[in-house]
Amino acid sequence: MLLEVISNKQETHDTRTVRFKLDSPALFKPGQFGMLTLDVIRDGQRKTERKPYSIASPPGRNYIDITAKKHNPGPFATSLHNLKKGDKVHVEFPFGLFYYHPELGNNLVLIGAGSGIVPLMSLIQHNTEYNPKTKMHLLYSNKTSKDIVYQHELEEFAKSNKNLNMHFTLTQEDWYGLNGRIDEKKITGLVPDYKHALFYVCGPPVFVSEIQKMLLAIGIDKMKIKTERY
(Lines give C-alpha, C1' and ligand atoms only; values in the text may rest on other atoms or scores of the structure.)
Protein backbone atom coordinates (compact mmCIF):
# COMPACT_ATOMS: atom_id res chain seq x y z
CA MET A 1 0.00 0.00 0.00
CA LEU A 2 1.08 3.57 -0.62
CA LEU A 3 1.39 5.45 2.69
CA GLU A 4 1.89 9.15 3.35
CA VAL A 5 4.58 10.46 5.70
CA ILE A 6 3.05 12.60 8.43
CA SER A 7 6.18 13.21 10.54
CA ASN A 8 9.91 12.53 10.72
CA LYS A 9 11.32 12.76 14.25
CA GLN A 10 14.95 12.82 15.39
CA GLU A 11 15.40 10.20 18.14
CA THR A 12 19.19 10.22 18.64
CA HIS A 13 22.20 11.58 16.76
CA ASP A 14 21.86 8.79 14.14
CA THR A 15 18.29 7.56 14.55
CA ARG A 16 14.96 8.87 13.27
CA THR A 17 11.34 7.74 13.49
CA VAL A 18 9.17 8.17 10.40
CA ARG A 19 5.40 8.04 10.94
CA PHE A 20 3.12 6.87 8.14
CA LYS A 21 -0.61 7.65 8.01
CA LEU A 22 -3.14 4.81 7.75
CA ASP A 23 -6.75 5.06 6.61
CA SER A 24 -7.81 2.55 9.28
CA PRO A 25 -6.28 1.15 12.49
CA ALA A 26 -3.19 -1.00 11.96
CA LEU A 27 -3.72 -4.75 12.24
CA PHE A 28 -0.58 -6.61 13.24
CA LYS A 29 0.98 -8.26 16.28
CA PRO A 30 3.44 -6.23 18.37
CA GLY A 31 6.97 -7.11 17.27
CA GLN A 32 6.25 -7.66 13.59
CA PHE A 33 7.84 -5.76 10.70
CA GLY A 34 6.99 -4.05 7.44
CA MET A 35 8.68 -3.98 4.02
CA LEU A 36 9.52 -0.52 2.66
CA THR A 37 10.30 0.29 -0.98
CA LEU A 38 12.45 3.38 -1.61
CA ASP A 39 14.63 4.93 -4.29
CA VAL A 40 18.24 4.97 -3.12
CA ILE A 41 21.60 6.10 -4.46
CA ARG A 42 23.95 3.12 -4.36
CA ASP A 43 27.39 3.13 -6.01
CA GLY A 44 26.47 6.38 -7.74
CA GLN A 45 23.34 4.96 -9.35
CA ARG A 46 19.67 5.42 -8.51
CA LYS A 47 18.00 2.13 -7.65
CA THR A 48 14.68 1.00 -6.22
CA GLU A 49 15.19 -1.25 -3.21
CA ARG A 50 13.03 -3.05 -0.68
CA LYS A 51 14.01 -3.55 2.95
CA PRO A 52 12.41 -4.80 6.19
CA TYR A 53 12.00 -2.58 9.23
CA SER A 54 10.34 -3.43 12.54
CA ILE A 55 7.24 -1.47 13.46
CA ALA A 56 7.86 0.62 16.58
CA SER A 57 4.27 1.66 17.26
CA PRO A 58 1.65 -0.65 18.80
CA PRO A 59 -1.28 -2.13 16.85
CA GLY A 60 -4.56 -0.27 16.69
CA ARG A 61 -3.27 3.18 15.75
CA ASN A 62 -4.13 5.13 12.59
CA TYR A 63 -0.40 5.20 11.81
CA ILE A 64 2.71 3.07 11.96
CA ASP A 65 6.13 4.23 13.14
CA ILE A 66 9.36 3.02 11.56
CA THR A 67 12.56 3.79 13.47
CA ALA A 68 15.91 3.40 11.73
CA LYS A 69 19.57 4.02 12.50
CA LYS A 70 21.76 5.51 9.80
CA HIS A 71 24.49 2.92 9.26
CA ASN A 72 27.93 3.68 7.80
CA PRO A 73 25.95 5.56 6.21
CA GLY A 74 23.61 3.06 4.57
CA PRO A 75 21.97 4.33 1.35
CA PHE A 76 18.56 2.91 2.27
CA ALA A 77 18.52 4.42 5.76
CA THR A 78 19.72 7.72 4.27
CA SER A 79 16.70 7.79 1.94
CA LEU A 80 14.42 6.89 4.85
CA HIS A 81 15.91 9.62 7.06
CA ASN A 82 15.42 12.17 4.25
CA LEU A 83 11.68 11.56 3.85
CA LYS A 84 9.52 14.65 4.32
CA LYS A 85 5.94 15.20 5.39
CA GLY A 86 3.66 14.46 2.43
CA ASP A 87 6.03 12.00 0.74
CA LYS A 88 4.43 8.72 -0.36
CA VAL A 89 6.11 5.37 0.30
CA HIS A 90 5.11 1.83 -0.61
CA VAL A 91 4.85 -0.14 2.65
CA GLU A 92 3.69 -3.73 3.08
CA PHE A 93 2.94 -5.29 6.47
CA PRO A 94 2.73 -7.31 8.65
CA PHE A 95 5.48 -9.90 8.42
CA GLY A 96 7.50 -11.93 10.90
CA LEU A 97 7.25 -14.49 13.69
CA PHE A 98 8.91 -12.28 16.32
CA TYR A 99 5.69 -11.17 17.98
CA TYR A 100 3.69 -11.32 21.18
CA HIS A 101 0.11 -12.16 22.03
CA PRO A 102 -1.28 -12.77 25.55
CA GLU A 103 -1.70 -16.52 25.08
CA LEU A 104 2.10 -16.84 25.00
CA GLY A 105 2.41 -15.81 28.65
CA ASN A 106 2.45 -12.83 31.00
CA ASN A 107 6.08 -12.84 32.15
CA LEU A 108 8.41 -11.35 29.52
CA VAL A 109 12.10 -10.53 29.45
CA LEU A 110 13.00 -8.14 26.64
CA ILE A 111 16.69 -7.96 25.73
CA GLY A 112 17.89 -5.51 23.08
CA ALA A 113 20.96 -3.73 21.77
CA GLY A 114 20.98 -0.56 19.67
CA SER A 115 18.09 -0.45 17.22
CA GLY A 116 17.02 -3.86 18.53
CA ILE A 117 14.81 -1.85 20.89
CA VAL A 118 12.38 -1.06 18.04
CA PRO A 119 10.12 -4.16 18.06
CA LEU A 120 10.44 -4.33 21.85
CA MET A 121 9.04 -0.79 22.01
CA SER A 122 5.91 -2.03 20.23
CA LEU A 123 5.51 -4.80 22.83
CA ILE A 124 6.04 -2.39 25.72
CA GLN A 125 3.51 0.14 24.46
CA HIS A 126 0.93 -2.52 23.62
CA ASN A 127 1.14 -4.31 26.96
CA THR A 128 1.26 -1.08 28.97
CA GLU A 129 -2.01 -0.05 27.36
CA TYR A 130 -3.88 -3.33 26.91
CA ASN A 131 -2.23 -5.93 29.16
CA PRO A 132 -0.94 -3.96 32.18
CA LYS A 133 -0.73 -7.08 34.36
CA THR A 134 1.93 -8.56 32.05
CA LYS A 135 5.32 -8.44 33.77
CA MET A 136 8.09 -7.03 31.56
CA HIS A 137 11.80 -6.77 32.30
CA LEU A 138 13.76 -4.73 29.75
CA LEU A 139 17.55 -5.06 29.50
CA TYR A 140 18.80 -2.60 26.90
CA SER A 141 22.46 -2.24 25.87
CA ASN A 142 24.09 0.67 24.03
CA LYS A 143 27.60 2.03 23.52
CA THR A 144 26.96 5.48 25.04
CA SER A 145 24.10 7.42 26.58
CA LYS A 146 23.58 9.39 23.36
CA ASP A 147 22.78 6.09 21.59
CA ILE A 148 19.79 5.19 23.78
CA VAL A 149 16.73 5.22 21.54
CA TYR A 150 13.39 6.18 23.18
CA GLN A 151 15.05 6.81 26.57
CA HIS A 152 12.55 9.47 27.71
CA GLU A 153 9.52 7.55 26.42
CA LEU A 154 10.67 4.32 28.07
CA GLU A 155 11.22 6.07 31.39
CA GLU A 156 7.71 7.51 31.20
CA PHE A 157 6.23 4.07 30.50
CA ALA A 158 8.07 2.69 33.53
CA LYS A 159 6.53 5.43 35.71
CA SER A 160 3.00 4.57 34.57
CA ASN A 161 3.39 0.78 34.43
CA LYS A 162 4.39 -0.81 37.75
CA ASN A 163 4.94 -4.13 35.97
CA LEU A 164 7.63 -2.71 33.67
CA ASN A 165 11.18 -2.88 35.02
CA MET A 166 13.91 -1.28 32.91
CA HIS A 167 17.66 -1.52 32.99
CA PHE A 168 19.93 0.43 30.62
CA THR A 169 23.58 -0.58 30.36
CA LEU A 170 26.42 1.13 28.49
CA THR A 171 29.56 -0.53 27.13
CA GLN A 172 31.70 2.52 26.27
CA GLU A 173 30.75 5.18 28.83
CA ASP A 174 30.62 5.42 32.61
CA TRP A 175 27.35 6.85 33.90
CA TYR A 176 24.76 6.62 36.68
CA GLY A 177 23.28 3.37 35.36
CA LEU A 178 24.69 -0.07 34.62
CA ASN A 179 27.89 -0.61 32.67
CA GLY A 180 29.20 -3.45 30.55
CA ARG A 181 27.65 -5.98 28.24
CA ILE A 182 24.55 -7.94 29.12
CA ASP A 183 25.77 -11.19 30.64
CA GLU A 184 24.47 -14.12 32.67
CA LYS A 185 25.04 -12.27 35.94
CA LYS A 186 22.93 -9.29 34.84
CA ILE A 187 20.12 -11.51 33.57
CA THR A 188 19.90 -13.73 36.66
CA GLY A 189 20.46 -10.82 39.07
CA LEU A 190 17.97 -8.38 37.54
CA VAL A 191 15.21 -10.88 36.71
CA PRO A 192 14.40 -12.94 39.81
CA ASP A 193 11.93 -15.25 38.07
CA TYR A 194 13.88 -15.60 34.80
CA LYS A 195 13.40 -19.39 34.76
CA HIS A 196 9.67 -18.91 34.15
CA ALA A 197 9.89 -16.11 31.59
CA LEU A 198 9.48 -15.84 27.84
CA PHE A 199 12.48 -14.10 26.27
CA TYR A 200 12.52 -11.70 23.32
CA VAL A 201 16.03 -10.91 22.07
CA CYS A 202 16.72 -8.41 19.29
CA GLY A 203 19.85 -6.71 17.98
CA PRO A 204 22.95 -7.34 15.86
CA PRO A 205 23.49 -11.00 14.86
CA VAL A 206 26.52 -11.56 17.14
CA PHE A 207 24.72 -9.99 20.11
CA VAL A 208 21.63 -12.15 19.61
CA SER A 209 23.67 -15.34 19.22
CA GLU A 210 25.66 -14.61 22.40
CA ILE A 211 22.52 -13.88 24.43
CA GLN A 212 20.84 -17.01 23.12
CA LYS A 213 23.82 -19.12 24.21
CA MET A 214 23.74 -17.50 27.65
CA LEU A 215 20.04 -18.22 28.07
CA LEU A 216 20.46 -21.85 27.09
CA ALA A 217 23.40 -22.12 29.50
CA ILE A 218 21.27 -20.95 32.45
CA GLY A 219 18.56 -23.46 31.65
CA ILE A 220 16.06 -21.55 29.51
CA ASP A 221 14.16 -23.81 27.12
CA LYS A 222 14.92 -23.02 23.48
CA MET A 223 11.18 -22.74 22.80
CA LYS A 224 11.03 -19.89 25.35
CA ILE A 225 13.50 -17.75 23.38
CA LYS A 226 12.31 -15.61 20.47
CA THR A 227 15.00 -13.87 18.42
CA GLU A 228 15.23 -11.19 15.75
CA ARG A 229 18.54 -10.21 14.13
CA TYR A 230 19.32 -6.84 12.52
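This text goes with the structure placed above it.
Below, the structure is looked at part by part. Residue positions within a chain follow its written sequence, with the count starting from 1. Only residues with pLDDT of at least 70 are given local features in this predicted model, and only at 80 or more are side-chain atom pairs given and counted; all residues enter the totals for whole chains, interfaces and linings. Heavy atoms throughout the structure, all of them, feed into the side-chain values; hydrogens and water do not.

1. Quick word on the packing of aromatic side chains
Pairs of aromatic rings are described using the distance from one ring centre to the other and the angle between the two planes.
Okay, so step 1: Two rings belonging to Phe, Tyr or Trp (six-membered ring only in the last case) form a pair when the distance between their centres is within 6.5 Å. Interplanar angles under 30 degrees mark stacking, angles over 60 mark edge-to-face geometry, and anything in between is tilted. Applying the stated criterion across every chain yields a total of seven aromatic pairs.
Okay, so step 2: Taking 5.9 Å as the distance between ring centres and 25° as the angle between the ring planes, the aromatic pair formed by Y53 and F76 counts as stacked. One end of the pair, Y53, is in strand β4 (residues 45-54); the other, F76, is in helix α1 (residues 75-81), with 23 residues separating them in the sequence.
Okay, so step 3: Here's how the labels work: a residue is buried when its accessible area is under 20% of the maximum for its type, exposed when over 50%, partly exposed in between, all with a 1.4 Å probe on protein chains only. For Y53, a relative accessible area of 10% translates into the label buried.
Okay, so step 4: Taking relative accessible area as the criterion, F76 reaches 2% and is therefore assigned buried.
Okay, so step 5: Summarising the aromatic geometry, the rings of W175 and Y176 are spaced 4.5 Å apart at their centres and angled 45° between planes, so their arrangement reads as tilted.
Okay, so step 6: On the basis of relative accessibility, which here comes to 66%, the residue Y176 falls in the exposed class.
Okay, so step 7: Three or more aromatic residues joined by ring pairs form one cluster here, namely F98, Y100 and Y200. The numbering of helices and of strands both runs from the N terminus, where a helix is a DSSP run of H or I of at least 4 residues and a strand a run of E of at least 2.

2. Some remarks on the nonpolar core
Okay, so step 1: Counting residues in hydrophobic clusters, the biggest one holds 27 residues, and the most contacted among them are L110, I117, L138, L154 and Y200.
Okay, so step 2: Of all the secondary structure elements, the ones that give two or more residues to this core are β7 (107-113), α2 (117-130), β8 (135-142), α3 (151-160), β9 (164-170) and β11 (198-203).
Okay, so step 3: The element that contributes the greatest number of residues to this core is α2, accounting for six residues.
Okay, so step 4: Counting residues in hydrophobic clusters, the runner-up holds 22 residues, among them F20, L22, A26 and F93. Throughout this description, the term nonpolar core refers to a set of buried Ala, Val, Leu, Ile, Met, Phe, Trp, Tyr and Cys residues connected via side-chain atoms within 4.5 Å.

3. Notes on the pattern of salt bridges
Okay, so step 1: Salt bridge criterion: a side-chain nitrogen from Lys or Arg within 4 Å of a carboxyl oxygen from Asp or Glu. Within the structure shown, the criterion is met by eight salt bridges.
Okay, so step 2: In this structure, R42 and E49 form a salt bridge, with 2.7 Å as the shortest nitrogen-oxygen distance.
Okay, so step 3: Judged by relative accessible area, R42 falls into the partly exposed class, the value being 29%.
Okay, so step 4: Salt-bridge contacts for K159 lead to E156; the nearest nitrogen and oxygen are separated by 3.3 Å. One end of the pair, K159, and the other, E156, are both in helix α3, three residues apart, so they sit about a helical turn from each other.
Okay, so step 5: Assessed through its relative accessible area of 66%, K159 is described here as exposed.

All we've got here are geometric facts, nothing functional implied.
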